[in-house]
Amino acid sequence: MPGVEIASQLVEALRTAGRVVALTGSGISAESGVPTFRDAQTGLWARYDPQELATPEAFARNPRLVWEWYEWRRDLVGRAQPNPAHQALVELETRAPDFTLITQNVDGLHQTAGSRAVIELHGNIRRTRCSQEGVIIEEYGDGRPPRCHRCGDFLRPDVVWFGEMLPPGALEEASEAARGCDLFLSIGTSSLVYPAAGIPYEALENGATVVEINPSETPLTPRANFVLRGRAGEVLPELLAMSSG
Ligand code: OAD
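Colleague: What is the right way to read the site of the ligand from this model?
Modeller: Taken together, 21 residues are adjacent to the ligand, and S26, R38, T189, S190 and N214 come closest. Take S190: an N or O atom from its side chain is 2.6 Å from an oxygen atom of the ligand. At a separation of 2.7 Å, an oxygen atom of the ligand approaches a polar side-chain atom of N214. Coverage of the ligand by the protein chains reaches 89% of its 790 Å² of free accessible surface. Taken together, the residues of the shell around the ligand break down into seven nonpolar, eleven polar and three charged.

Colleague: Is there a simple way to explain the packing of helix α1 (residues 8–16) against helix α9 (residues 232–243) in this structure?
Modeller: Each pair of packed helices gets described by two things: the angle between the helix axes and the distance between those axes. It is the contact of α1 with α9, at a shortest axis distance of 9 Å, that shows an interaxial angle of 75 degrees. Put simply, α1 runs roughly perpendicular to α9. Where α1 abuts α9, its residues L10, V11, L14 and R15 lie against L239, L240, M242 and S243. Residues belonging to the contact of α1 with α9 are distributed by class as follows: six nonpolar, one polar and one charged.

Colleague: Any chance you could explain unusual backbone geometry here in plain terms?
Modeller: Excluding glycine, a negative phi dihedral is what most residues carry, and trans is how most peptide bonds are arranged. Each neighbour pair has its own omega, and for Y194 with P195 the value is 10 degrees, a cis peptide bond. On the secondary structure map, P195 appears in the loop between β6 (183–187) and α8 (199–205). Even without glycine at this site, S191 takes up a positive phi of about 55 degrees. Mapped onto the elements, S191 comes out in the loop between β6 and α8. Residue class for S191 comes out buried when judged on its relative accessible area of 6%.

Colleague: How should helix α4 (residues 63–79) be read in this particular structure?
Modeller: Residues separated by three or four positions in an α-helix point in the same direction, a consequence of the helix having 3.6 residues per turn. For α4, built from 17 residues, the straight-helix expectation of 24 Å at 1.5 Å per residue is met to within 8% by its first-to-last C-alpha distance of 24 Å. Along α4, the positions that sit buried rather than exposed are P63, L65, V66, W67, W69, Y70, R73, R74 and V77. Against the buried residues of α4 lie α2 (50–53), α3 (56–61), β4 (123–130) and β5 (155–159).

Colleague: So what exactly am I meant to see when it comes to the layout of surface pockets here?
Modeller: Summary: where empty space remains is shown by rolling a probe the size of a single water molecule over the atoms. In this structure, the second largest pocket encloses a volume near 150 Å³. Around the second largest pocket sit G123, R129, D158, V159, V160, E164, M165, L166, P167 and P168, which together line it. Put simply, the parts of the chain that give the lining of the second largest pocket at least two residues each are β4 and β5.

Quick notes on the rules
Residues numbered from 1 in each chain as written. Predicted model: local features only at pLDDT ≥ 70, side-chain atom pairs only at ≥ 80, totals over all residues. Heavy atoms only, no water. Near = heavy atom within 4 Å. Polar contact = N/O pair within 3.5 Å; in protein donor to acceptor, adjacent residues only side chain to side chain. Areas by Shrake-Rupley, 256 points an atom, 1.4 Å probe, with all protein chains shown as cover. Nonpolar A, V, L, I, M, F, W, Y, C, P; charged D, E, K, R; others polar. Axes fitted to C-alpha atoms, helices over the stretch in contact; angles between N-to-C directions. Helix = DSSP H or I, 4+ residues; strand = E, 2+ residues; numbered from the N terminus. Parallel < 35°, antiparallel > 145°, perpendicular 65-115°, else oblique. Contact = heavy atoms within 4.5 Å. Buried < 20%, exposed > 50% of the residue type's maximum accessible area, 1.4 Å probe, protein only. Expected span 1.5 Å × (residues − 1). 1 Å grid on protein atoms, 1.4 Å probe; cavity = no way out; pocket = protein on both sides within 12 Å on 5 of 7 lines; lining within 4 Å. Points joined across faces, edges and corners; volume = space filled by probe spheres on them.

Okay, here's the thing in structure tokens:
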């Protein structure tokens, strides 16, 4: 594998781990052509800051603008295909005695790849729900934000916006898995956005081996036991191949 050396101790740790947890961020979908959350936006959306569109206040102020931004992103995601990093995690689910996949991504690509149990901390852009009643309604409108047939309020993407609570139970389930695991993989996340960014530290505090897979440094880097400075779509399949058999 050009450029990234994988330590034999890490290969052994993966081979012998009973409980494995992976936490993914938008970097795992970068090689599928989905821009990461903090990447510069392109085209018409280049002048907007995602952190200012992904908020309940922005939706209240200008539902159409926020809805159109999500339509653009839903279209991008809808055309994307899982990459070898997503596939590697499908394989890990079948191979590890106990495996938990936690994602901050809203693109649904883990499920498309075939991962069965996925804890979605930030929801899923492919679903829509009523802003008032919370019920999931599969409707995407015609460019304008559609209204709920039952209460008349706006429908919104079923994702977590800045300042909102995570889906009930998701963080608890993720924390529990992190506290009980032997090996924790942090993949393609900037480790900046809490509470998700706090999950690897729970694993560390409970003695797990923590591995970061990311081409760039993050706040987790100095605490990780192993750092694989490369692209997830290259590094993860290589790590799995080395530890199989
Ligand atoms: P970010 O955009 O903050 O970070 C993406 C990370 O992926 C960066 O650290 C990149 O270095 C890394 N990266 C880029 N290409 C990669 C590749 N090919 N392989 C591996 N890593 C790569 O995205 P997140 O950490 O996912 O929340 O952001 C976390 C949350 O911030 C998002 O879920 C979103 C946002 O607020 C909400 O919308 C609630």
